[in-house]
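Observations on the model geometry
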Amino acid sequence: MGEKDITEKTLEAYNDVFADIINVLLFNGKQTVKENELEDAIVRYHYKADKGKLHEMERDTAKYWKDSNIRIACIGYENQTAPDTDAPLRGAAYDGSEYRRQMLADYEKITDADGIKKVIKKRKPRYPVITLFLYFGYKKQWDKPLELHGCLDIPEELKPYVNNYKINLFEIAYLTEEQVSLFKSDFRIVADYFVQMRKNNHYVAKPETIKHVHELLELMSVLTDDRRFMDVCGVIEKEDVNMCEVLDQIENRGIEQGIKQGMEQGIGIGMDIIIKLSNILVSAGRIDDLKRAETDRPFLEELIQELLPEEK
């Protein structure tokens, strides 16, 4: 995955989106988790290694889910755009760090009546930790280990003694249309995009309003490795925006870039051809081809031959 600005709130960090994902993936759409029952959890974990040097690992999103005022679970998300052999190792590390945090919370520093500082231990309730791996690949299904044993080279005689941690993997692009329809937050737009790309290799937007516009486009930009989702964010001025309008903006900017590229590549490819080609590619959902054509002259000519042979 690409880098993300940790100073900005991500789409999945909003309580309505976080609860929505949990309710659909774990409870089949039943509204079990409420927005007001969630509070932000610490997503950075520190540990010492290399002769005491402090290291840090960070998970994507995590929250405490409370029933009334009692913590009953810490649930975290990890976004994956490609299968990862070490996913079970990472999941075990995240969960283990959170359980360690619970144990360390037992120790409190106090000052007694005589002004003496000391540490006391009082065991607090323990609560379960759940990590969900959300896989957004649509060109192929996950083909890496789902269990810790698949990541390790274990002598057969030791296998019974090595705990086999298993990750909770959800392949978003392989959800059914019925499952996608259960989402009530902006995540439905994200899931619908990847399901359509997997099934049809192109995306047809629906006119549903985006609530968290900047965060959704940022997530789409990271998951698709297409900066244009973020580029259009700055030119969208109205609040009630849907993906149809977002794609219109991408198309317009693509046409502008195509015209500029055509001019830079010199005579031989007219502006009208560049505009026609950009329109065809965007309408067909071939955004990657349009992006490549901006810098690859031979590929641009191949596309013209394929889609506009009468212009050659």
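Cut-off values and rules
Residues numbered from 1 in each chain as written. Predicted model: local features only at pLDDT ≥ 70, side-chain atom pairs only at ≥ 80, totals over all residues. Heavy atoms only, no water. Helix = DSSP H or I, 4+ residues; strand = E, 2+ residues; numbered from the N terminus. Expected span 1.5 Å × (residues − 1). Buried < 20%, exposed > 50% of the residue type's maximum accessible area, 1.4 Å probe, protein only. Phe/Tyr/Trp six-rings, centres within 6.5 Å; stacked < 30°, edge-to-face > 60°. Lys NZ or Arg CZ within 6 Å of the ring centre and 35° of its normal. Lys, Arg positive; Asp, Glu negative; His and termini not counted. Salt bridge = Lys/Arg side-chain N within 4 Å of Asp/Glu carboxyl O. Contact = heavy atoms within 4.5 Å. Patch = residues over 30% accessible without salt bridge, like charges linked within 9 Å, V, L, I, M, F, W, Y side chains within 5 Å. Areas by Shrake-Rupley, 256 points an atom, 1.4 Å probe, with all protein chains shown as cover. Polar contact = N/O pair within 3.5 Å; in protein donor to acceptor, adjacent residues only side chain to side chain. Axes fitted to C-alpha atoms, helices over the stretch in contact; angles between N-to-C directions. Parallel < 35°, antiparallel > 145°, perpendicular 65-115°, else oblique. Left-handed = near helix turned anticlockwise from the far one by under 90°. Core = buried A, V, L, I, M, F, W, Y, C linked by side-chain atoms within 4.5 Å.

As a further point, take helix H4 (residues 187-200). Given a rise of 1.5 Å per residue, 14 residues ought to cover 20 Å, and the 20 Å separating the end C-alpha atoms of H4 matches this to within 8%. The element H4 is extensively covered by neighbouring structure, given that ten of its 14 residues are classed as buried. For H4, the full list of buried residues reads Phe-187, Ile-189, Val-190, Ala-191, Asp-192, Tyr-193, Phe-194, Val-195, Gln-196 and Met-197. One or two steps after H4, the chain reaches Asn-201, where phi turns positive at roughly 65°.

The geometry of an aromatic ring pair is captured by the separation of the ring centres together with the interplanar angle, meaning the angle of the planes. Per the counting criterion, the structure on display carries eleven aromatic pairs. A centroid spacing of 6.2 Å and a plane angle of 65° characterise the contact between Phe-27 and Trp-65, whose relative ring orientation is edge-to-face. With Phe-27 in helix H1 (residues 15-27) and Trp-65 in strand E4 (residues 61-67), this pair connects stretches of sequence that are 38 residues apart. The class of Trp-65 is buried, set by a relative accessible area of 14%. Arranged with centres 5.1 Å apart and planes meeting at 80°, the rings of Tyr-193 and Phe-194 form a pair that is edge-to-face. Accessibility classification places Tyr-193 together with Phe-194 in one group, the buried group. Three or more aromatic residues joined by ring pairs make a cluster, and in this case those are Phe-136, Tyr-138, Phe-183, Phe-187, Tyr-193, Phe-194, Tyr-203 and Phe-229. Sitting over the ring of Phe-18, Lys-63 keeps its end group 5.9 Å from the ring centre. We note Arg-292 situated over the ring of Phe-299; from NZ or CZ to the ring centre the distance is 3.9 Å.

A separate point is the side chain of Asp-186. Positionally, Asp-186 belongs in the loop between helix H3 (177-182) and H4. Buried and without a salt bridge, Asp-186 has Lys-211 as its closest oppositely charged side chain, separated by 7.5 Å. Setting aside anything within four residues of it in sequence, one finds Asp-186 in contact with Leu-11, Thr-209, Ile-210, Lys-211, His-212 and Leu-216.

Quick look at a nonpolar patch on the surface now. Side chains of Leu-104, Tyr-107 and Val-119 sit close together on the surface and give an oily, nonpolar patch of about 300 Å² of accessible area. As for its position among the elements, Tyr-107 is in strand E6 (residues 107-111). Given the relative accessible area of 44%, Tyr-107 is considered partly exposed.

Secondary-structure assignment places Glu-171 in strand E9 (residues 168-171). In this structure the C-alpha to C-alpha distance between Glu-171 and Gly-137, which are 34 residues apart in sequence, comes to 7.5 Å. Every residue in contact with Glu-171, bar those within four places of it in the chain, is listed here: Tyr-135, Gln-141 and Trp-142. Of the polar contacts made by the side chain of Glu-171, one reaches the side chain of Gln-141; its length is 3.3 Å.

We now examine the environment of Asn-15. Within the secondary structure layout, Asn-15 lies in helix H1. Judged by relative accessible area, which is 22%, Asn-15 ranks as partly exposed. Once the C-alpha coordinates of Asn-15 and Ser-185 are considered, the two residues, 170 residues apart in sequence, prove to be 9.9 Å apart. Excluding anything up to four places from it in sequence, Asn-15 contacts Glu-35, Leu-38 and Lys-63.

This paragraph deals with the packing of H4 against helix H5 (residues 213-224). One way to put it is that H4 packs onto H5 with a least axis distance of 11 Å and a crossing angle of 30°. It follows from the interaxial angle that H4 and H5 lie roughly parallel. Crossing of H4 over H5 shows right-handed handedness. In this structure, H4 contributes Ile-189, Val-190, Tyr-193 and Phe-194 to the contact, and H5 contributes Leu-216, Leu-219, Met-220, Leu-223 and Thr-224.

Attention now moves to the nonpolar core. Soluble globular proteins: nonpolar side chains tend toward being buried together. Membership of the largest hydrophobic core comes to 50 residues, with the highest contact counts inside it found for Leu-134, Phe-187, Val-190 and Val-246. Residue assignment for this core shows that the elements contributing at least two residues are H1, strand E5 (70-80), strand E8 (129-135), H4, H5 and helix H7 (243-264). The element that contributes the greatest number of residues to this core is H4, accounting for eight residues. Among all residues touching Val-190, those that are not within four sequence positions of it are Leu-11, Phe-136, Leu-216, Leu-219, Met-220 and Leu-223. Ile-273, Leu-277, Val-282 and Ala-293 belong to the second-largest nonpolar core, a separate cluster that totals 13 residues.

You can see Ser-221 is positioned in helix H5. Take Ser-221: its relative accessible area is 9%, and that puts it in the buried class. In this structure the side chain of Ser-221 is engaged in a polar contact, spanning 3.1 Å, whose partner is the backbone oxygen of Asp-226. Those residues in contact with Ser-221 that lie beyond four places of it in its chain are Asp-226, Arg-227, Phe-229 and Met-230.

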